[in-house]
Amino acid sequence: MEKESFFSGYCRVLDGSRTVCAVTVDGALDEIDCGFPDCPHASDCPIAQSVREFLQAQ
């Protein structure tokens, strides 16, 4: 089953607020419109943290 989720927060790459759309299929990340998980700031990114928590809850 496909599920679309949105996460908002500060993005260091863009140096501003943004909303990220993530699509999961059967609980696994299928696509995301940011650099997660390969972004150099992913360890400190509040959006990435929200995405990680969401994926763990799946």
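Residues numbered from 1 in each chain as written. Predicted model: local features only at pLDDT ≥ 70, side-chain atom pairs only at ≥ 80, totals over all residues. Heavy atoms only, no water.

## Section: the pairing of strand β1 (residues 2-11)
Then, in step 1: Pairing of β1 with strand β2 (residues 16-25), which is carried by ten bridges, proceeds in the antiparallel orientation. Counterpart to Phe7 in the pairing with β2 is Val20.
Then, in step 2: Counting the residues between successive antiparallel strands, the hairpin from β1 to β2 contains four residues, one of them, Asp15, with a positive phi of roughly 55 degrees. (Pairing = 2+ DSSP bridges. Helix = DSSP H or I, 4+ residues; strand = E, 2+ residues; numbered from the N terminus.)

## A short note on the side chain of Thr24
Then, in step 1: Mapping Thr24 onto the fold places it in strand β2.
Then, in step 2: The exposure class of Thr24 is buried, given its relative accessible area of 1%.
Then, in step 3: Not counting residues up to four positions away in its chain, the partners in contact with Thr24 are Met1, Glu2, Lys3, Leu29, Asp30, Phe54, Leu55 and Gln58. (Buried < 20%, exposed > 50% of the residue type's maximum accessible area, 1.4 Å probe, protein only. Contact = heavy atoms within 4.5 Å.)

## Details of helix α1 (residues 46-57)
Then, in step 1: Its twelve residues give α1 an end-to-end C-alpha distance of 17 Å, which sits within 8% of 16 Å, the value for a rise of 1.5 Å per residue.
Then, in step 2: Taken together, the buried positions of α1 are occupied by Ile47, Ala48, Val51 and Phe54. One side of α1 carries all its buried residues, which in axial view fall inside an arc of 120 degrees. Facing away from the buried side of α1, by more than 90 degrees, are the exposed residues Gln56 and Ala57.
Then, in step 3: Contacts from the buried residues of α1 go to β1, β2 and β3 (28-32). (Expected span 1.5 Å × (residues − 1). Arc of directions from axis to C-beta.)

## As for the state of the cysteines
Then, in step 1: Under the definition given, this model contains zero disulfides.
Then, in step 2: Not engaged in a disulfide, the cysteine Cys34 finds its nearest cysteine sulfur in Cys45; these two sulfurs lie 6.7 Å apart.
Then, in step 3: Lacking any disulfide linkage, Cys39 is separated from the closest cysteine sulfur, that of Cys45, by 6.3 Å. (Disulfide = S-S within 2.5 Å.)

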